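# A closer look at the structure
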Amino acid sequence: QKEVEQDPGPLSVPEGAIVSLNCTYSNSAFQYFMWYRQYSRKGPELLMYTYSSGNKEDGRFTAQVDKSSKYISLFIRDSQPSDSATYLCAMITMDSNYQLIWGAGTKLIIKP
Amino acid sequence: NAGVTQTPKFQVLKTGQSMTLQCAQDMNHNSMYWYRQDPGMGLRLIYYSASEGTTDKGEVPNGYNVSRLNKREFSLRLESAAPSQTSVYFCATGTTRNTEAFFGQGTRLTVV
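Structure report, in brief.

Criteria and cut-off values
Residues numbered from 1 in each chain as written. Chains lettered and ligands numbered in written order. Predicted model: local features only at pLDDT ≥ 70, side-chain atom pairs only at ≥ 80, totals over all residues. Heavy atoms only, no water. Pairing = 2+ DSSP bridges. Helix = DSSP H or I, 4+ residues; strand = E, 2+ residues; numbered from the N terminus. Axes fitted to C-alpha atoms, helices over the stretch in contact; angles between N-to-C directions. Contact = heavy atoms within 4.5 Å. Buried area = accessible area lost by both parts, 1.4 Å probe. Salt bridge = Lys/Arg side-chain N within 4 Å of Asp/Glu carboxyl O. Nonpolar A, V, L, I, M, F, W, Y, C, P; charged D, E, K, R; others polar. Phe/Tyr/Trp six-rings, centres within 6.5 Å; stacked < 30°, edge-to-face > 60°. Buried < 20%, exposed > 50% of the residue type's maximum accessible area, 1.4 Å probe, protein only. Lys NZ or Arg CZ within 6 Å of the ring centre and 35° of its normal.

## As for the sheet that holds strand β1 (residues 4-7) of chain B
Residues and elements named next belong to chain B.
- Within the open sheet, the four strands sit side by side as β1-β3-β8-β7. Their pairing is antiparallel. Since the sheet does not close on itself, it has two edges, and those belong to β1 and β7 (64-68), each with one partner. Taking each pair of neighbouring strands and ignoring which way they run, the sheet shows an average axis angle of 15°.
- Taken together, the four bridges between β1 and strand β3 (residues 19-25) define a ladder with antiparallel strand orientation. Pairing of Gln 6 across the sheet is with Cys 23, part of β3.

Below, the structure is given as structure tokens:
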């Protein structure tokens, strides 16, 4: 079993919809939770990160961490075709020298 | 301000050939990383360097060697390429505690 599980998709939604992307994890020691976006044939880029539990909002994006359920989510409001990409979650624990542990990524398609 | 630069962008090798992937950063980060990305498997860490003069194995180091030439440069060498090393390779740098990683544009390597 992988430490971080993420549905690979693809997830296809119409433009303007609210998108929910999720990851589950098994290591309760994870402390930092990140979401990266990767466009086709490009390197990943950081969208946002959260320390410990709670919500964090940045424009149309909201990251949510539920440590009791070992579950994190990324919500995208008013989705745009330009949001079409692969979204990867990543997590860090101090125990592993701050190494990033990655989900496999979810491919998101926003249909105009 | 280039960020993280990888060369080459594409490469085709025959089984048994060797090659070196180059990576340079101008972000003044201490940490540098080499990942491979395969469909459905997310990013897997090959080697990393926490600072100039140090290197450590990641999750999938077999068949690879690295060299941290100076603070800016971190190279990945395949001594005897195998078809299983066909992948997209990403170099990255990380901020303190790795809460933000910056990626190069990737090298698409095919071993035939």
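So much for the structure itself; the text now carries on.
## So, the interface of chain B and chain A
- Contact with chain B, which involves 20 residues of that partner, is made by 20 residues of chain A.
- Here chain B packs against chain A, burying approximately 1700 Å² in sum over the two surfaces, 53% of which is carbon and sulfur.
- Our count for the contact surface shared by chain B and chain A stands at zero salt bridges.
- For the side of chain B that touches chain A, the elements supplying multiple residues, two or more each, are β4 (31-38), β5 (42-49) and β10 (101-103) of chain B.
- If one sorts the elements of the side of chain B that touches chain A by residue count, β5(B) sits on top with four residues.
- A breakdown of the residues in the side of chain B that touches chain A according to their chemical character gives 10 nonpolar, seven polar and three charged.

## Considering the packing of aromatic side chains
- According to the stated counting rule, one finds 13 aromatic pairs over all chains in the structure shown.
- With 5.3 Å between their ring centres and 45° between their planes, A:Tyr25 and A:Phe33 make a pair best called tilted.
- Ring centres of A:Tyr32 and A:Tyr49 lie 6.3 Å apart, and the angle between their planes is 50°; on these two criteria the pair is classed as tilted. A residue pair is termed long-range when its members are at least 10 positions apart, and A:Tyr32 in strand β4 (residues 32-38) and A:Tyr49 in strand β5 (residues 45-51) qualify at 17 residues.
- Among the residues examined, A:Tyr32 registers a relative accessible area of 8% and is labelled buried.
- A residue is classified by how much of its surface remains accessible, and A:Tyr49, at 30% relative accessible area, is partly exposed.
- Pairwise contacts between aromatic rings join A:Tyr36, A:Trp102, B:Tyr33, B:Tyr35, B:Tyr48, B:Phe90 and B:Phe103 into one cluster.
- Lying over the aromatic face of A:Tyr49, A:Lys56 brings its terminal NZ or CZ to 4.8 Å of the ring centre.

From the geometry alone we can't say anything about function, so treat these as descriptive.
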